[in-house]
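Inside the fold
The lines below spell out each chain.
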Amino acid sequence: MRIRPREVLLLTVCLAVSGLLILSLCADGHWSQLRQALFGSAFSDAVPRAYTNGHDIRLEISKNGSFQVFFDAPVPEELTLTFHRSDESVLGELAPLQIAANSTETITVGLEPRHRGHCTVTANTSLPEDQFSASDVYVRVNVLETFGLDTFSSVVGWVYFAAWTVSFYPQIYTNYRRKSVVGLNFDFLALNLVGFTFYSVFNCGLYFSVAIQDMYFADHPYGLVPVAVNDVVFALHALFACIVTVLQCFIYERGGQTVSLAARGLLVVFALVIIITAIVAGCGVVNWLWFLYVFSYVKLAITIVKYVPQAYHNYQRRSTEGWAIGNVLLDFTGGSLSILQMFIDAYNYNDWSSIFGNPTKFGLGLFSVLFDILFICQHYCLYRSRPDASELPIRSSTSGTGNTHEAYTKF
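The numbers attached to residues start from 1 for each chain and follow its sequence in the written order. In view of the model being predicted, local features appear only for residues whose pLDDT reaches at least 70, and side-chain atom pairs are presented and counted only at 80 or more, with totals across whole chains, interfaces and linings using the full set of residues. Hydrogens and water molecules were not included; the side-chain quantities draw on all heavy atoms of the structure.

Our next topic: the sheet that holds strand S7 (residues 117–125). In a beta sheet, neighbouring strands pair by backbone hydrogen bonds and run either parallel or antiparallel. At least two DSSP bridges between two strands are needed for those strands to be called paired. Comment: elements are numbered from the N terminus, with helices defined as DSSP H or I runs of at least four residues and strands as E runs of at least two. Sheet architecture is open: five strands sit in the order S2-S9-S7-S4-S5, paired in mixed fashion. If you trace the sheet from one side to the other, it starts and ends with strand S2 (56–60) and strand S5 (97–99), each paired once. The sheet shows a mean angle of 25° between the axes of neighbouring strands, direction not considered. Direction of pairing for strand S4 (residues 79–85) relative to S5: antiparallel, over a ladder of three bridges. Angles run from 0 to 180 degrees between N-to-C directions of axes, and those axes are lines fitted to C-alpha atoms, restricted for helices to the stretch in contact.

Whether a residue is buried, partly exposed or exposed follows from its accessible area with a 1.4 Å probe, protein chains only, as a fraction of its type maximum: under 20%, in between, or over 50%, in that order. Burial along strand S1 (residues 49–52) is one-sided: the residues Ala50 and Thr52 are buried and none of Arg49 and Tyr51 is. Here S1 pairs with strand S8 (residues 133–136) via two bridges, running parallel. What sits directly across from Tyr51, in S8, is Asp136. Here three bridges tie S1 to strand S3 (residues 65–71), and the two strands are oriented antiparallel to one another. Among the inter-strand pairings, Thr52 is bridged to a residue of S3, identified as Val69.

Between helix H4 (residues 186–208) and helix H9 (residues 307–317), the least distance of the axes is 7 Å, while the angle of their chain directions is 165°. Put simply, H4 runs roughly antiparallel to H9. Our pair here, H4 against H9, has a crossing hand that is left-handed. Each of Asp187, Phe188 and Leu191 in H4 lies in contact with H9, whose residues at this interface are Tyr307, Pro309 and Gln310. Split into classes, the residues belonging to the contact of H4 with H9 amount to four nonpolar, one polar and one charged. For classification purposes, an angle smaller than 35 degrees is called roughly parallel, one larger than 145 roughly antiparallel, one from 65 to 115 roughly perpendicular, and anything else oblique. The hand of a helix crossing depends on one turn: near helix anticlockwise from the far one by less than a right angle means left-handed, and clockwise means right-handed. Should any heavy atoms of two residues lie within 4.5 Å, those residues are considered in contact. Here the term charged refers only to Asp, Glu, Lys and Arg, the term nonpolar to Ala, Val, Leu, Ile, Met, Phe, Trp, Tyr, Cys and Pro, and the term polar to all other amino acids, Gly among them.

Take the sheet that holds S3 next. A sheet is described by the order of its strands in space; here four strands give the open sequence S6-S3-S1-S8, paired in mixed fashion. A strand with exactly one partner marks an edge of an open sheet, and here the two such strands are strand S6 (107–111) and S8. Neighbour-to-neighbour, the strand axes of the sheet open up by a mean angle of 30°, direction not taken into account.

pLDDT runs from 0 to 100 and stands for how confident the predictor is about each residue. Scored by pLDDT, the protein comes out at a mean of 84, with 81% of its residues at no less than 70. Averaged over each element, pLDDT in the protein is lowest for strand S11 (residues 404–408) (37) and highest for helix H3 (residues 169–178) (97). Between residues 25–44, whose pLDDT stays under 50, and residues either more than four places distant or in other chains, the model counts eleven contacts. Long-range and interchain partners of residues 389–411, a stretch whose pLDDT sits below 50, account for 34 contacts in this model, where long-range means more than four residues apart.

At Asn102, a position not held by glycine, the phi torsion is positive, near 70°. A relative accessible area of 59% means that Asn102 is categorised as exposed. Despite not being glycine, Asn350 has its phi angle at roughly 55°, a positive value. Inspection of the secondary structure assignment puts Asn350 in the loop between helix H10 (325–348) and helix H11 (353–356). Overall, the relative accessible area of 38% leaves Asn350 in the partly exposed class.

Structure representation (structure tokens):
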């Protein structure tokens, strides 16, 4: 049984819609629970509280800094604010603050960097929580070597973002110019489409759903949502480009190519993983944030395997005709700069665990770059200036004459 690009596109759309619907339903259900929990603890909003002017501070190692503590109402009685550091090697000790009764005066707290790194400063109060709250007194302090390196890292980040964003268009243009998708492996295209669909569901769910964000902050009280607006834009744009490429498969010559049985099997496995995880989350075994993370895990798995079909396809044909080298060069540029940025940040913040402590992220970036190098070698070295294998002469004999002639075939 053959499966055509139209069926892959339909399956992908169904998975995306199902995931978003399930996510929406679960979010509504958990949001009602959160509302109940919030209403049940509404007294915390009625008591005086202390808070900071922002929660993120960056300091150069050679310069001191500070943050301010504000009070939204007079302090009911004399109290002590005690500060705690998540990494005592990064910042010097912070002395406790004695706050007089009925005080509303803003207090400045000094910060003395000791070593590069990350440190979260939190505060506790000597009064019970039903009399005074200090839960909003916390700052995430990042001590770096120099702001110059930080600016350079940002520039590198925007360059690789642009390279990855543009990398989809050489293939689209190549298909349009040739009026053919022969040379583009449909397994790669199907896996890429499903991968960016799942990536879009993950990013949109975590970025737009307040209920999902509340679940995240429950696990990481002083953390940041790990999805920014540029992540959402990139994922949706990549999905759009994949859909355009799939539509080209309906319009242009494709040489009878279909999605292989192996790729079809992988798609079924991914669908089953999502369905089973949804059932497990629905039964309350895991929360819906964990269900959303599964979409990102599947995307990571797809990134590992998606290049293999295209590389093998090029090997079988002894040609890269139809496989846009511009796509590869831009992807290689983006991947290389992404790894470079990781090393810049690791040095600037003395945070090598961001690389070696997270081998998945670093390994996937390196894996993609290595495949790009393979594609570059195939295009410029192994199969350079060779015609498509589908256009190589095939020697056939003429029946009844014993003579032979050469015939050219095309997909």
